[in-house]
Amino acid sequence: MGQMLRCKECDGEMTLTPLPPIEGEEHGLHMKIAGLPALRCSNGHARFVAPAFPSQFLDRLLSAPDLVPLDAAAEKGFLRKRYCCPACGQVLDTHEAGRVQAEHAMDYEGLAPIAVHVDLPAYRCAACGHECVEPRETLVSDLMKASAHAFRAAHIAPG
């Protein structure tokens, strides 16, 4: 049996516990993470199961080929950036946004699956009707920031 882990804040015994759902938002993208494993003590202090966990979590999330079921918009313009339809190149009206939702389950060895729910703006091209989401680079940035907000809101300390 491994060494008992002690809380760095109160020296209480820490046990591996899935957290209640946590949420974060960035730039209209909303993320909800259910069942995130964390080490917790009886006083409610929590920390990640490993220091590298947040970056591994993001890497796994971003490598999912079907994370969002829509294409990414193209981005044009240097000073005034505009989203353009990936199918026909038409400039998209980003004020007229719908929403698209995506669910993703992540399995970690020895842990219950983590359920990730992402909800973000979807843009329909007025010219050809093609639907897409923000450009990949923006999506990656928004996912990183939304997950950081969620982790911070749950008061999870680094490993």
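Residues numbered from 1 in each chain as written. Predicted model: local features only at pLDDT ≥ 70, side-chain atom pairs only at ≥ 80, totals over all residues. Heavy atoms only, no water.

Colleague: Help me get a handle on the pattern of salt bridges, residues and values and all.
Modeller: Under the defined criterion, the tally for this structure stands at two salt bridges. With a shortest N-O distance of 3.3 Å, Glu131 and Arg124 are connected by a salt bridge. What makes Glu131 partly exposed here is its relative accessible area of 28%. (Salt bridge = Lys/Arg side-chain N within 4 Å of Asp/Glu carboxyl O. Buried < 20%, exposed > 50% of the residue type's maximum accessible area, 1.4 Å probe, protein only.)

Colleague: Go over the environment of Glu26 with me, naming the residues and quoting the values.
Modeller: Mapped onto the elements of the fold, Glu26 is located in strand 2 (residues 22–26). In this structure the C-alpha to C-alpha distance between Glu26 and Leu61, which are 35 residues apart in sequence, comes to 16 Å. Beyond its immediate stretch of four places on either side in the chain, Glu26 contacts Asp142, Lys145, Ala146 and His149. (Helix = DSSP H or I, 4+ residues; strand = E, 2+ residues; numbered from the N terminus. Contact = heavy atoms within 4.5 Å.)

Colleague: Describe the sheet that holds strand 4 (residues 37–40), and please don't skip the residues or the numbers.
Modeller: Reading across the sheet, the four strands line up as 1-4-5-12 and stay open at both edges, with mixed pairing between neighbours. Each of the sheet's edge strands pairs with one partner strand only, and the pair in question is strand 1 (15–18) and strand 12 (156–157). Here strand 4 pairs with strand 5 (residues 46–48) via three bridges, running antiparallel. Across the sheet, Arg40 pairs through a bridge with Ala46, a residue of strand 5. (Pairing = 2+ DSSP bridges.)

Colleague: Give me the pairing of strand 2: which residues, what numbers.
Modeller: Summarising the sheet, strand 2 and strand 3 (residues 29–34) pair through five bridges and their orientation is antiparallel. Counted as the bridge partner of Glu23 is Lys32 from strand 3. Where strand 2 folds back on strand 3, the antiparallel hairpin that results is connected by two residues, among which His27 adopts a positive phi of roughly 55°.

Colleague: Got a sec to walk through the pairing of strand 9 (residues 97–108)? Specific residues and values, please.
Modeller: Across 11 bridges, strand 9 lies against strand 10 (residues 111–124) in antiparallel orientation. Note that in strand 10 the partner of Ala102 across the bridge is Val118. Remark: two residues form the turn of the hairpin made by strand 9 and strand 10, two consecutive strands paired antiparallel; Gly110 in that turn has positive phi of roughly 80°.

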